[in-house]
Amino acid sequence: MAVRKICLGCFQEWEGDGACPCCGYEDGRQYGKTLGWALGDVFGQRYLLGFLYCSTPDAAVWRVYDKLLGIPCYLMRMPEGEGREERGAAEKAGEDAPDASGMEADLRKGPVKLLAAREIGGKRALQFSMKEPVGDMESLLAALQALLGASEGQGALDIGEGSQKPRQEKEQALPNGTLLDGRYQVLDCIGIGGFGILYLCYDMALRRLVAMKEYFPAEWALRDGLDVDVKKSQMVEAYRIGVQSFLEEAKFMAKFLHTPHIADIYDVVEGNDTVYLVMEYIPGASIGREMRTRGYQPYQPKEAAQILFPVMDALEALHEREIVHGDVSPGNIMRAEDGGIFLIDLGAAKYALDSRPVFGAAFLKPDYAAPEQYRTAREGVPRGEGSWTDVYALGATIYYLITGQKPPDVISRLEMEHAEIHLPRKCRLRHAKQWIKLLNHAMALDVKERIGSIGEFRKEAAKLMA
């Protein structure tokens, strides 16, 4: 029987003996250096170098495995001898690039995702990911040039329901102008949550705006200059577990770099005794904020479909990898300025079969959380969660969108003798009986009676939203 293994040349999984069918790597063969780097080199305890992908006389692209993001990707060595910083390289690449205004959506869908620019192994390098291999160096350089030349995003970033920056807590945030990892400059604190602070930052190397999420659990941590300290010794272990949970969130996000309707993660920075996630900046507003702006006026079914079907696409991508989002709500659905819909915030995400401790209670939104999530919060380990858990939250989200009122919460429903979902009396919705049937099927308290998959939910909802 063939043994399944991961190739050390291109980091793809394959079965069999002999050379890798993807890149030709073969155990036992000797591989020499190219431009000073060699297969198997490890940089900064983070990057494991694989095979040379393609090259020119003064530039080269290698396959690499990023330990912090948990993904195979690519490094392009910058041309030697010109004494430029990464920012200068980006400026030069952008001189001949086309006008980037209005290009954000096209670049987002492109085959190449530019992640970071930094010094790696003593050399200036660009780190990027490719959905599909770009065959030759000239085409690859053209794709990278288009990304480097793209203009900065505009607008404000909405980070979710109920997480706007409290004035009295602003002193917890890093001051505007703070430089992190020598590359990311803090422009503003745009939100504070229970476990993190979100900043709008400027990537000085790549000349773009990014969102940066700092691990900062308010109950356990305090600011000491730029450093994050733990308040009491008995909180150290919980803080450490939280750091690992934050790093796990980065790996969850990185798995979906080329997935429509899921925001990208670019980088992970460790420093100041904490962790920072560097993410795609999406100008726009959450659906929660959008609902408030429209005075809680319900969406028509077709309007709701334009929001929810992209979210279903994103959830199906997660569920295919047995990952539960765990925090679906209007505040975690973004509408970008170009109209794109994104499911954001994988902070509560977990593998469906995982049994490691979680901070479940911190993420629960009473109006959208499923009953099994309360059991997870009570016991400290996930049990009985799956795609049906996200189905419940999506059903609650639909209720909110089509009625303009928050759905009944699980705790109240569990205390009722009859826990069926009913539409508000003022709701004037066509096919009301069919909607009630759908909502009760999606939000059943017993998972055995609930819709089990997003695909099944999509089929039932499509009939009413057409």
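Residues numbered from 1 in each chain as written. Predicted model: local features only at pLDDT ≥ 70, side-chain atom pairs only at ≥ 80, totals over all residues. Heavy atoms only, no water.

1. Notes on the sheet that holds strand S17 (residues 284-286)
Pairing between the strands of a sheet comes from backbone hydrogen bonds, and it takes one of two forms, parallel or antiparallel. Taken in spatial order, the three strands make up an open sheet running S17-S19-S20, and their pairing is antiparallel. Unpaired on one side and paired on the other, S17 and strand S20 (341-343) mark the two borders of the sheet. Mean inter-strand twist for the sheet, computed between neighbouring axes without regard to direction, equals 25°. Sheet topology note: the strand S19 (residues 333-336)/S20 ladder contains three bridges and is antiparallel. (Pairing = 2+ DSSP bridges. Helix = DSSP H or I, 4+ residues; strand = E, 2+ residues; numbered from the N terminus. Axes fitted to C-alpha atoms, helices over the stretch in contact; angles between N-to-C directions.)

2. Details of the confidence of the model for the protein
Averaged over all residues, the pLDDT of the protein is 83; the fraction at 70 or higher stands at 85%. Overall, residues 81-103 carries pLDDT values under 50, and its contacts beyond four positions in sequence, including any with other chains, amount to 30 contacts. Across residues 151-168, where pLDDT falls below 50, the model places 57 contacts with residues more than four positions away in sequence or in other chains. (pLDDT = per-residue confidence, 0-100. Contact = heavy atoms within 4.5 Å.)

3. Overview of the pairing of strand S7 (residues 112-120)
Within a regular beta strand, the side chains point alternately toward one face of the sheet and then the other, so they alternate between its two faces. Among the nine residues that make up S7, eight are buried, leaving the element largely enclosed by the rest of the structure. Sheet topology note: the S7/strand S8 (residues 123-130) ladder contains eight bridges and is antiparallel. For Leu114, the partnering residue across the bridge sits in S8 and is Phe128. Where S7 folds back onto S8 in an antiparallel hairpin, the turn is made up of two residues, including Gly121, whose phi is positive at roughly 60°. (Buried < 20%, exposed > 50% of the residue type's maximum accessible area, 1.4 Å probe, protein only.)

4. Considerations on the side chain of Ser129
With respect to the secondary-structure elements, Ser129 resides in strand S8. Its relative accessible area of 6% is what places Ser129 among the buried residues. Side-chain polar atoms of Ser129 contact the side chain of His258, separated by 2.8 Å. Excluding residues that lie within four positions of it along the chain, Ser129 makes contacts with Cys73, Tyr74, Pro111, Val112, Lys113, Leu115, Leu257 and His258. (Polar contact = N/O pair within 3.5 Å; in protein donor to acceptor, adjacent residues only side chain to side chain.)

5. Quick look at the environment of Arg208
Looking at the element boundaries, Arg208 is found in strand S12 (residues 208-215). Between the C-alpha atoms of Arg208 and Tyr281, which are 73 residues apart in sequence, the distance is 8.7 Å.

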